[in-house]
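# Inside the fold
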Amino acid sequence: MGKKLNRREFIKIAGMGAGGLAVGSSFLKPVSLFGQPVSKEKLLTSTFSEVTPTYCEICFWKCAGWVHKKEGKPWKIVGNPDDTHSNGRFCPRGTGGLGAYTDPDRLKTPLIRVEERGKQVFREASWDEAFDYITGKMNRIKEKYGPECMALFTHGSGGGYFKNLIRAYGSNNIAAPSYAQCRGPRAEAYLLTYGEGVGSPERTDIENTKCLVLIGSHIGENMHNGQVQEFTKAHMNGATVITVDPRFSTAASKSKYWLPIKPSTDLALLLAWINVIIEEELYDKEYVKKYTYGFEALKKAVKHNTPEWAYPITTIKPHVIRETAREMAAAAPAVIIHPGRHVTWYGDDTQRVRAGAILNALLGSWGRRGGFYAPSKAHVPKPKHPAYPKPSKGWRDAFPDKYPLANLALSSGICDATIPSTTDACSIKGWIVYGTNLIQTLPQPEKTIKAIQNLELLVAIDIMPSEITGWADVVLPECTYLERYDDLRISQGRMPAIALRAPAFEPRYNSKPAYWMAVQLAGRLGLSEYFPYERIEDYLEYRLKAVGSSLEEMKKLGVKNLPLEQELYFLNGEDYEFATPSGKIELYSDTLAEYGFDPVPRYKAHEEPPDGFYRLLYGRAPMHSFGRTTNNPLLTELKQENEVWINPKVAREWGIENGEYIRLENQDKVISNKIKVKVTERIRHDCVYMVHGFGHRQKQLHRGYNRGADDTRLITRVNVDPIMGGTGMRVNFVTFRKEVA
Ligand SMILES: Nc1nc2c(c(=O)[nH]1)N[C@H]1C(S)=C(S)[C@@H](COP(=O)(O)OP(=O)(O)OC[C@H]3O[C@@H](n4cnc5c(=O)[nH]c(N)nc54)[C@H](O)[C@@H]3O)O[C@H]1N2
Ligand SMILES: Nc1nc2c(c(=O)[nH]1)N[C@H]1C(S)=C(S)[C@@H](COP(=O)(O)OP(=O)(O)OC[C@H]3O[C@@H](n4cnc5c(=O)[nH]c(N)nc54)[C@H](O)[C@@H]3O)O[C@H]1N2
Ligand code: SF4
Ligand SMILES: [Mo]
């Protein structure tokens with residue numbers, strides 16, 4: 001950047017990039033979209049600024065970067081050029097991360113509830129009081145019901161310390177919304193098919209692909225940094241992009257084909273593509289023969305799934321289905337049917353994602369350049385501690401016959417197991433909630449509140465007064481990621497790497513880091529031996545020493561890339577054993593058949609919106625992460641509220657004008673906050689769309705309170721995936737209410 005920019009201008013530029021993203025060609029210019037990369041030498045020798053390494057906590061991509069201070073004051077955050085998550089550029093949200101530090105609405109001191117739950121009346125407490133309160137209750141729960149009746153909900157970097165704490169205490173009830181409300185079906189579908197998952201960041205070789213198929217994945221609005229950069233690269237290299245989305249997304253605007261599918265029918269399209277690939281013999285014959293299991297059974301099962309069969313279901317014309325299938329085959333094996341990320345849509349999600357996994361196998365893209373690569377991860381030992389006690393029961397005991405292939409605890413399942421029932425095998429009595437805003441994150445918020453009302457202890461650890469903290473018995477204010485050390489970032493990628501987060505600032509107010517909280521709680525619970533290091537610096541030194549590094553070195557590097565130990569592209573004709581029962585890629589799954597599920601995905605129709613109702617769809621905006629940034633002083637400057645997208649034909653029928661405020665009412669008569677209308681051809685007539693994370697109910701969020709509408713409130717209904725328990729959330733229908741008062 002030639003001219004120096006003050007923070008406000010800097011954010012504006014990031015914002016312009018983001019705005020341009022939605023419509024214009026600036027998407028192709030990563031320079032205006034992300035901050036410019038600056039060399040490390042320049043960074044560290046700069047005389048007027050002080051830099052500290054961090055990795056970003058504004059979303060779960062965890063880009064590594066540098067925090068700059070000028071005269072001791074926060075100045076800016078930029079990407080670390082050595083980091084493959086960011087390649088030296090932060091997205092608008094990461095750039096606006098300083099707003100998390102400066103937000104005057106932050107939680108300032110521990111709080112203890114003084115009135116009944118729901119009234120949200122608290123008194124300020126000292127840390128000692130708060131810890132004594134929590135451990136008193138935890139000891140009572142352990143004595144009265146057993147330690148298994150405590151659960152932890154976690155999302156975010158500090159969650160690991162509480163996982164250690166709760167396991168040491170004797171419970172395995174640990175859930176994250178990133179499973180049952182996000183990636184769970186994808187994890188299980190790929191595990192069933194390939195014996196391993198796609199992980200995060202996804203092992204998709206987008207930068208080398210020749211054909212990228214996006215089913216819903218709205219890259220560009222879904223602003224996962226490295227992925228957006230790879231998408232831009234692939235697009236500039238002339239890769240064919242095929243976007244399947246009922247909405248003309250940013251990605252659709254960069255695509256050769258936009259398939260505006262009827263929502264909920266993607267599985268029919270995927271089966272038709274499989275049908276064409278098989279019937280026209282476009283599949284990779286050698287690859288299929290050598291590496292896959294069940295081809296003949298698959299061929300038979302999809303025989304009737306012709307493009308003509310799929311047309312009335314999906315509304316995608318047969319010739320388009322054929323043409324796009326041929327495009328994929330022409331690019332193979334450098335083709336990716338993107339596995340998606342937030343895939344809990346309709347309840348048959350494991351099967352839908354599995355159909356994509358099967359298509360990837362037919363095209364031979366797994367293990368090949370431009371398809372899916374073999375990711376690496378640094379091995380960094382943790383200090384030893386005694387074995388955890390073995391819990392006598394877990395969340396699964398509450399539903400012994402359900403979700404047999406769930407490999408992680410279900411957040412929604414733990415919520416259910418907290419509501420006493422007649423078949424009560426495991427009623428949970430205490431929750432620790434770290435860095436997840438369950439009221440806005442779990443569908444069916446009334447059920448979440450009902451579960452909370454049955455608790456004897458609810459601890460919320462957050463940086464902001466979010467909806468969930470309002471319902472807590474004790475609120476523990478964490479300092480932001482810019483004010484603390486955290487565990488090393490060890491993510492998968494093309495190269496094994498580690499990244500350090502060090503504090504750039506002293507914690508503001510009376511906030512503290514999660515590590516310190518967990519150590520304090522462990523001490524009071526008699527579990528100190530599970531935290532061999534009282535100070536996180538010593539814990540980090542232990543881990544870094546094991547890989548020949550140190551805090552001193554990492555403070556200078558921020559990111560350390562370690563040598564690559566394996567081939568990126570691993571399926572080039574050699575023998576290979578997959579971790580599946582057959583040792584091959586399972587086009588047909590005996591495991592699914594054994595549990596009574598379809599061994600090959602099969603399309604079943606979903607309920608349609610009744611007359612006058614429209615399916616409620618939701619997604620992301622480039623400058624916000626869920627509800628965690630919709631009070632951020634910098635990012636709310638870029639977007640203050642969400643809009644509801646309505647097709648012009650529908651708007652005409654209802655006499656609704658662009659820019660007008662309306663309310664949405666769902667099939668269960670739940671009415672939303674008022675929300676601004678965006679009348680646009682960019683959405684089909686049978687659905688409406690809004691960005692998730694707005695419409696906060698928490699009054700203490702002064703910028704986010706009542707701004708826009710919250711999709712979660714309208715998600716009173718879910719279709720649960722019988723295979724793994726994911727909550728399909730796009731099964732709600734809304735109609736319009738013109739009176740907004
Ligand atoms: N800016 C930003 N980026 C983020 C996040 C964020 O909060 N903010 N969150 C991150 C996280 S955790 C996740 S999981 C990902 C989620 O991002 P993705 O995995 O990309 O999420 P999807 O659910 O696929 O995305 C919504 C898209 O699906 C389309 N859609 C809705 N219904 C259907 C349908 O029936 N069929 C098809 N084909 N498309 C449909 C919508 O129109 C929309 O474009 O984003 C990540 N990136
Ligand atoms: N209706 C609906 N529901 C959804 C989705 C959707 O699109 N629509 N998306 C789903 C998906 S894909 C996902 S991954 C989940 C995400 O769900 P969550 O992980 O719950 O996401 P957030 O809403 O960002 O809530 C994060 C909470 O963490 C707090 N926080 C932020 N930084 C820190 C920190 O450093 N320390 C601590 N202790 N707390 C912090 C924030 O203030 C906020 O209260 O939601 C799922 N639920
Ligand atoms: S993608 Fe953006 S918000 Fe997410 S970690 Fe990277 S810079 Fe932060
Ligand atoms: Mo997610």
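Rules of the game
- Residues numbered from 1 in each chain as written.
- Chains lettered and ligands numbered in written order.
- Predicted model: local features only at pLDDT ≥ 70, side-chain atom pairs only at ≥ 80, totals over all residues.
- Heavy atoms only, no water.
- Near = heavy atom within 4 Å.
- Nonpolar A, V, L, I, M, F, W, Y, C, P; charged D, E, K, R; others polar.
- pLDDT = per-residue confidence, 0-100.
- Contact = heavy atoms within 4.5 Å.
- Polar contact = N/O pair within 3.5 Å; in protein donor to acceptor, adjacent residues only side chain to side chain.
- Areas by Shrake-Rupley, 256 points an atom, 1.4 Å probe, with all protein chains shown as cover.
- Helix = DSSP H or I, 4+ residues; strand = E, 2+ residues; numbered from the N terminus.
- Domains from an automatic or database assignment.
- Salt bridge = Lys/Arg side-chain N within 4 Å of Asp/Glu carboxyl O.
- Buried < 20%, exposed > 50% of the residue type's maximum accessible area, 1.4 Å probe, protein only.
- Pairing = 2+ DSSP bridges.
- Axes fitted to C-alpha atoms, helices over the stretch in contact; angles between N-to-C directions.
- Arc of directions from axis to C-beta.
- Core = buried A, V, L, I, M, F, W, Y, C linked by side-chain atoms within 4.5 Å.
- Parallel < 35°, antiparallel > 145°, perpendicular 65-115°, else oblique.
- Left-handed = near helix turned anticlockwise from the far one by under 90°.

## Considering the site of ligand 3
Every residue lining ligand 3 is accounted for by Cys56, Ile58, Cys59, Trp61, Lys62, Cys63, Phe90, Cys91, Arg93, Gly94, Met223 and Asn225. Grouping the constituent residues of the shell around ligand 3 by class yields 8 nonpolar, 2 polar and 2 charged.

## Remarks on the confidence of the model for the chain
Per-residue pLDDT for the chain averages 93, and the proportion of residues at 70 or more is 93%. Scored below 50 in pLDDT, residues 1-33 shows 62 contacts in the model against residues more than four places distant or in partner chains.

## Brief notes about the site of ligand 2
Taken together, 27 residues surround ligand 2, and among them His155, Thr436, Thr441, Asp462 and Glu478 come closest. Contact between ligand 2 and Gly435: an oxygen atom at 3.2 Å from a main-chain N or O atom of the residue. When the free accessible area of ligand 2 is taken as 910 Å², the share hidden by the protein chains comes to 97%. For the shell around ligand 2, the secondary structure elements donating two or more residues are helix H8 (177-194), strand S14 (457-462) and helix H26 (711-714). Of the residues that make up the shell around ligand 2, three or more belong to each of domain 1 (111-179 + 379-483 + 508-552) and domain 3 (614-737).

## Considering the pattern of salt bridges
According to the stated counting rule, one finds 47 salt bridges in the structure shown. Residue Arg484 pairs with Glu478 through a salt bridge whose shortest N-O separation is 3.3 Å. Residue Arg484 is classed as buried on the basis of its relative accessible area, which comes to 3%. We note a salt bridge from Lys560 to Glu553, for which the minimum N-O separation is 3.0 Å. One continuous salt-bridge network, built from bridges that share partners, spans Glu57, Glu478, Arg484, Asp486 and Arg501.

## Describing the sheet that holds strand S10 (residues 257-259)
Strand order in the open sheet formed by 4 strands is S10-S9-S8-S12, with parallel pairing between adjacent strands. Each edge of the open sheet is held by one strand with a lone partner, namely S10 and strand S12 (335-337). Across the sheet, the mean angle separating the axes of adjacent strands is 10 degrees when strand polarity is ignored. The sheet contacts of helix H15 (residues 318-331) involve strand S8 (211-215), strand S9 (240-244), S10 and S12, and relative to S10 the element is tilted by about 130 degrees.

## A word on the pairing of strand S26 (residues 733-737)
Most of S26 sits out of view: 4 of its 5 residues are buried. In the sheet, strand S19 (residues 614-619) pairs with S26 via 2 bridges, with the strands oriented antiparallel. Note on S26: the bridge partner recorded for Tyr614 is Val734. The pairing of strand S21 (residues 661-666) with S26 spans 4 bridges and is antiparallel. In the strand pairing of S26, Asn666 is matched with Val734.

## Things to note about helix H22 (residues 536-546)
Counting along an α-helix, one turn takes 3.6 residues, and residues three or four places apart therefore face a common direction. Restricting attention to buried positions, one finds in H22 the residues Ile536, Tyr539, Leu540, Arg543 and Leu544. Viewed end-on, H22 has its buried residues packed into an arc of 125 degrees, placing them on one side of the element. Check the buried side of H22 and you find it contacts helix H7 (159-169), strand S16 (497-499), helix H21 (514-524) and helix H23 (551-557). Following H22 by one or two positions, Gly548 adopts a phi angle in the positive range, close to 70 degrees.

## A look at the nonpolar core
General note: in soluble globular proteins, nonpolar side chains tend to be found buried as a group. Grouped together as the largest cluster of nonpolar side chains are 85 residues, with contacts concentrated most on Trp273, Ile274, Met328, Leu362 and Trp366. Broken down by element, this core gets its largest block of residues, 11 residues, from helix H11 (residues 266-279). Looking at this core, you find at least three residues from each of domain 2 (200-374 + 569-594) and domain 3 (614-737).

## Notes on the packing of helix H6 (residues 127-145) against H21
Relative orientation of the contacting elements H6 and H21 amounts to 55 degrees, with a least axis distance of 10 Å. Judged by the inter-axis angle, H6 sits oblique to H21. Along this stretch, H6 crosses H21, giving a crossing that reads as right-handed. Contacts from Trp127, Asp128, Phe131, Asp132, Ile134 and Thr135 in H6 reach Trp516, Met517, Gln520, Leu521 and Arg524 in H21. Of the residues that constitute the contact of H6 with H21, the class distribution is 6 nonpolar, 2 polar and 3 charged.

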